[in-house]
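These are the residues of each chain, in order.
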Amino acid sequence: MNFDVQEGEVFGFLGPSGAGKTTTQRLIIGLLRNYNGKIEVLGKERSNWGKDFYEQIGVAFDFPNLYIKLTARENLQLIGAYYKNKAEKPDEMLDRVGLLPEKNVRVENFSKGMKMRLNFIRSIMHNPRLMFFDEPTSGLDPVNAHIIKEIILEQKKAGKTVFLTTHNMTVAEQLCDRVAFIVDGKIVTIGSPKDLMIEHGKRVVKVEYQKNGTLLDQDFELKDIGNNSGFLNILKTSEIKTIHSGEATLEDIFIKLTGRNLL
């Protein structure tokens, strides 16, 4: 496969389980070696980087790697001491993801969602330039998933680069500047979610409206819709419930291009 990730963007690597997403991440990070081809990271061939590479990156996998006999705060203090970069204050990081009340609780007593949140802030506490997240909202309730997504967008706003692997297309739509669809170790397409959704969608507007006590819906061609008498008549004479354009979802596009479901 051949792809590039631009500095300061959130790049999504999307595909079903077993497609090669995590393997690709591990090759770039350096957990898997002896590869064929070329991997250039931060302007240098990956194999030419030394241990200083890990000062530049943050990594949070789907399976949290934490010291379970230590408390949440002790985990951050210990891991923060590994880096030359000054780490963020542990209590501030814990508070951001709702774990401050449990700062003195041993991680072995944490739920998966709590471990995911702790693992996430562990990966960014040393202010890395490049971050790798593997299913960062897995196992989280909607409130905590929203917090994690907000932090990722804050990292992007600060000029950081994010490489995100997921099979959650909603997360990809919300976060990614560009996405790559991967199946069986091959990239099928790359593009921005918006462009892909428009390209593979229908050029129609669906109007759901109520008339004479009955709920109705109708599709109209998007082209020259401002002069469509039927559309304009509905707007003038009916109670509009919803109006939607016909762009495809990322999941629709993935299935269309690959013939595969995501799970």
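Residues numbered from 1 in each chain as written. Predicted model: local features only at pLDDT ≥ 70, side-chain atom pairs only at ≥ 80, totals over all residues. Heavy atoms only, no water.

Novice: Which parts of the structure should I look at to understand the overall build of the protein?
Specialist: Counting its regular elements, the protein contains 10 helices and 11 strands. Along the first, second and third principal axes, the C-alpha set of the protein runs to 70 × 50 × 30 Å. Relative to its full complement of 263 residues, the protein shows a buried share of 43%. Within the structure as shown, the protein displays about 14400 Å² of accessible surface, and the carbon and sulfur contribution to it stands at 47%. Here the protein contributes 36 positively and 34 negatively charged side chains, and the mean placements of these two sets differ by 4 Å. (Helix = DSSP H or I, 4+ residues; strand = E, 2+ residues; numbered from the N terminus. Buried < 20%, exposed > 50% of the residue type's maximum accessible area, 1.4 Å probe, protein only. Areas by Shrake-Rupley, 256 points an atom, 1.4 Å probe, with all protein chains shown as cover. Lys, Arg positive; Asp, Glu negative; His and termini not counted. Charge placed at Lys NZ, Arg CZ, Asp CG, Glu CD.)

Novice: Can you walk me through the sheet that holds strand 11 (residues 239–246) in this structure?
Specialist: Strand pairing in a sheet relies on backbone hydrogen bonds. The paired strands run either parallel or antiparallel. Read from one edge of the open sheet, three strands run 10-9-11, paired in antiparallel fashion. A single partner strand is all that each edge strand has here, and the edge strands are strand 10 (214–221) and strand 11. Averaged over all pairs of adjacent strands, the angle between their axes in this sheet comes to 15 degrees, without regard to strand direction. Judged from the eight bridges that link them, strand 9 (residues 202–211) and strand 10 form a sheet pairing that is antiparallel. (Pairing = 2+ DSSP bridges. Axes fitted to C-alpha atoms, helices over the stretch in contact; angles between N-to-C directions.)

Novice: Is there a simple way to explain the nonpolar core in this structure?
Specialist: The nonpolar side chains of soluble globular proteins are, as a tendency, buried together. With 43 residues, the main nonpolar core has Leu-118, Phe-120, Ile-121, Phe-133, Ile-152, Phe-181 and Leu-250 as its most contacted residues. Broken down by element, this core gets its largest block of residues, six residues, from helix 5 (residues 112–124). With residues near it in sequence (within four places) discarded, Ile-121 still touches Leu-76, Met-93, Leu-94 and Val-97. With 17 residues, the next largest nonpolar core counts Ala-19, Ile-57, Phe-132 and Ile-182 among its residues. (Core = buried A, V, L, I, M, F, W, Y, C linked by side-chain atoms within 4.5 Å. Contact = heavy atoms within 4.5 Å.)

Novice: How do you make sense of the pairing of strand 8 (residues 186–191) when you look at a structure like this?
Specialist: A regular strand places its side chains on the two faces of the sheet in alternate fashion. Sheet topology note: the strand 7 (residues 178–183)/strand 8 ladder contains five bridges and is antiparallel. Residue pairing across strands places Phe-181 opposite Thr-189, the latter belonging to strand 8.

Novice: Which parts of the structure should I look at to understand helix 5?
Specialist: In this model helix 5 runs 19 Å from its N-terminal to its C-terminal C-alpha over 13 residues, within 8% of the 18 Å that 1.5 Å per residue would give. Here helix 5 lies mainly inside the structure; 11 of its 13 residues are buried. Three or more residues of helix 5 are buried, namely Gly-113, Met-114, Met-116, Arg-117, Leu-118, Asn-119, Phe-120, Ile-121, Arg-122, Ser-123 and Ile-124. As for helix 5, its buried residues are in contact with strand 4 (57–60), helix 3 (72–80), helix 4 (90–96), strand 5 (130–134) and helix 6 (142–157). (Expected span 1.5 Å × (residues − 1).)

Novice: Teacher, can you tell me more about the packing of helix 5 against helix 6 here?
Specialist: Each pair of packed helices can be described by the angle between their axes along with the distance between the axes. For the pair helix 5 and helix 6, interaxial distance at closest approach is 11 Å and the crossing angle is 10 degrees. Classified by the angle between their axes, helix 5 and helix 6 sit roughly parallel to one another. Residues Arg-117, Phe-120 and Ile-124 of helix 5 form the contact with helix 6, whose own contacting residues are Asn-144, Ile-148, Ile-151, Ile-152 and Gln-155. Partitioned by chemical class, the residues of the contact of helix 5 with helix 6 number five nonpolar, two polar and one charged. (Parallel < 35°, antiparallel > 145°, perpendicular 65-115°, else oblique. Nonpolar A, V, L, I, M, F, W, Y, C, P; charged D, E, K, R; others polar.)

Novice: I would appreciate a short explanation of helix 3 in the present structure.
Specialist: Residues separated by three or four positions in an α-helix point in the same direction, a consequence of the helix having 3.6 residues per turn. Inspection of helix 3 places Ala-72, Asn-75, Leu-76, Ile-79 and Gly-80 among the buried residues, and these make up the whole buried set. In an axial view of helix 3, the angular spread of the buried residues amounts to 120 degrees, which keeps them on one side of the axis. Buried residues in helix 3 make contact with helix 4 and helix 5. (Arc of directions from axis to C-beta.)

Novice: Is there a simple way to explain unusual backbone geometry in this structure?
Specialist: A negative phi angle is the norm for most residues apart from glycine, just as the trans form is the norm for most peptide bonds. Even without being glycine, Asn-127 reaches a positive phi, approximately 60 degrees. With respect to the helices and strands, Asn-127 occurs in the loop between helix 5 and strand 5. Positive phi is not limited to glycine here, since Asn-212 has a value of about 55 degrees.

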